[in-house]
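Results of the structural survey
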Amino acid sequence: MSELRRVPDLWRRLDVTVRDLPLALLLAVASLVPALHNRGTQLGDLPGRPMDALAVVVIALECLPLAVRRRWPAVCLALVSIGFVVDQLRGYHLVAGAALPIAVLSAAAHLQRFRHTILVVASVAYVALAVALDRRGSTEGVVGFVTFYLALALAWGIGAWLRTTRASEAERRRHVAETTRAAERTRIAGELHDIVTHHVTAMVVQAEAARYLTGSPERLDQALTAITDTGRRAITDLRQLLDLLNPDHGTEPRTPPVGEVHALVEQARQAGQPVEFTEDGGPAALTGGAEIAAYRVVQEALTNALKHAHGHRTTVYVHHGKNETTVTVDTEGPDPHPAAPGGSGRGLVGLRERIGVLGGEFSAGRRTGGGFAVRARIPTGSPS
């Protein structure tokens, strides 16, 4: 059964000429069947002629070019048209005459250049054929010739519509691909910002503090160990993020769950930030993007606390409800000191967008009594 399912895929992988050849052979074989002689297209209504050697050449000229109707549509149309002219002038009236509308449709659908020129040349050639048939005693009349021309024009119109539809679909897919790539780049940039800003800020603060511990070897050793641990965590997180760019890895990096907020809190404490952490309840079995977003909220808030309010008390509260996760981070202290490391605000903007996509609410601003507060309400079960 699985082998049968693979047949369409195998067929699509074949060269386009191979895929178009069966139709050409089918028309050629049908034209050679004795019962179908003089049963084909009869433009001009000239007396029929029995099959001869030239008829076999005409069949080949009309049918076989269909094998290249998509690869070389102009060549196909020219050869089929020549065969059709001989077919009608000689009075063979072969089934192979059905190849003409197919060639016309294929030319309109697959020609990349000179479509209007070929259309004009083909129309002039048709008028010449009608005149030649009329001089040979055709009883078709103007109405018959015009009707046949309109039928060919309809085939051309269908081909042009197919070409336009195919081009529109290709443009739509290109736009979707570009949008997807842009969204992925934005997501990776956000993750990179969160990782680098948090870890590097912690390392800078820890290094600044270590400069004043030269007289206390034990505390200096602890500070340097904390810097080393922070650096290793940064390298690990960056490696996991960069795995996105490796086609041999999965499409999603390992993202830290809310349970690892404890590690963020401990890292901030090692950098000299007094942090109180409270977690109420446990995350649901399926939290989707909510768990990742909650982690990023705490990470960004602690990073800003280390930057702008180092040494001031910070309170982190995470509440896991039935349908949502709430994160609250309050940092005490005065307004940011002018000499404090500046921030672009990109992290908070990115969090607001991320949580907005999940259907949640996010706010960040100064508290009335001083300090800074971050609030996030994130519905659980949202897609990441």
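Bear in mind the structure is a predicted one, so any value in this text is a computation, not a measurement.

So, on to helix H2 (residues 16-32). What sets the pattern is the α-helix's 3.6 residues per turn: residues three or four places apart point alike. The end-to-end C-alpha distance of H2 is 25 Å, a good match for the 24 Å that 17 residues give at a rise of 1.5 Å each. Within the span of H2, buried status applies to Val 16, Asp 20, Ala 24, Leu 27, Ala 28, Ala 30 and Ser 31. Buried positions along H2 lie against helix H3 (53-63) and helix H5 (99-110). Capping the start of H2 is the job of one residue whose side-chain oxygen sits 2.9 Å from the backbone nitrogen of Thr 17: Asp 15.

To continue, consider the nonpolar core. Core analysis: the biggest nonpolar cluster contains 36 residues, and Leu 43, Leu 66, Val 80, Leu 100, Val 104 and Phe 148 have the highest contact counts within it. Mapped onto this core, the elements with two or more residues apiece are H2, H3, helix H4 (73-90), H5, helix H6 (115-135) and helix H7 (141-210). The contact partners of Leu 66, leaving out residues within four places of it in the chain, are Asp 20, Ala 24, Leu 27, Cys 76, Val 80, Ala 99, Ile 102 and Ala 103.

Moving on to a nonpolar patch on the surface. A contiguous nonpolar patch, built from Trp 72, Val 75, Leu 79 and Ile 82 and spanning about 370 Å² of accessible area, is present on the exposed surface. Secondary-structure assignment places Leu 79 in helix H4.

The end-to-end C-alpha distance of H5 is 16 Å, a good match for the 16 Å that 12 residues give at a rise of 1.5 Å each. Turning to H5, its buried residues number three or more, namely Ala 99, Leu 100, Ala 103, Val 104, Ser 106, Ala 107, Ala 108, Ala 109 and His 110.

Averaged over the chain, the pLDDT score is 81; the fraction of residues at 70 or greater is 83%. Note on residues 251-255: pLDDT under 50 across the span, and 11 contacts to partners over four residues away in sequence or across chains.

The rules behind the values
- Residues numbered from 1 in each chain as written.
- Predicted model: local features only at pLDDT ≥ 70, side-chain atom pairs only at ≥ 80, totals over all residues.
- Heavy atoms only, no water.
- Helix = DSSP H or I, 4+ residues; strand = E, 2+ residues; numbered from the N terminus.
- Expected span 1.5 Å × (residues − 1).
- Buried < 20%, exposed > 50% of the residue type's maximum accessible area, 1.4 Å probe, protein only.
- Contact = heavy atoms within 4.5 Å.
- Polar contact = N/O pair within 3.5 Å; in protein donor to acceptor, adjacent residues only side chain to side chain.
- Core = buried A, V, L, I, M, F, W, Y, C linked by side-chain atoms within 4.5 Å.
- Patch = residues over 30% accessible without salt bridge, like charges linked within 9 Å, V, L, I, M, F, W, Y side chains within 5 Å.
- Areas by Shrake-Rupley, 256 points an atom, 1.4 Å probe, with all protein chains shown as cover.
- Salt bridge = Lys/Arg side-chain N within 4 Å of Asp/Glu carboxyl O.
- pLDDT = per-residue confidence, 0-100.

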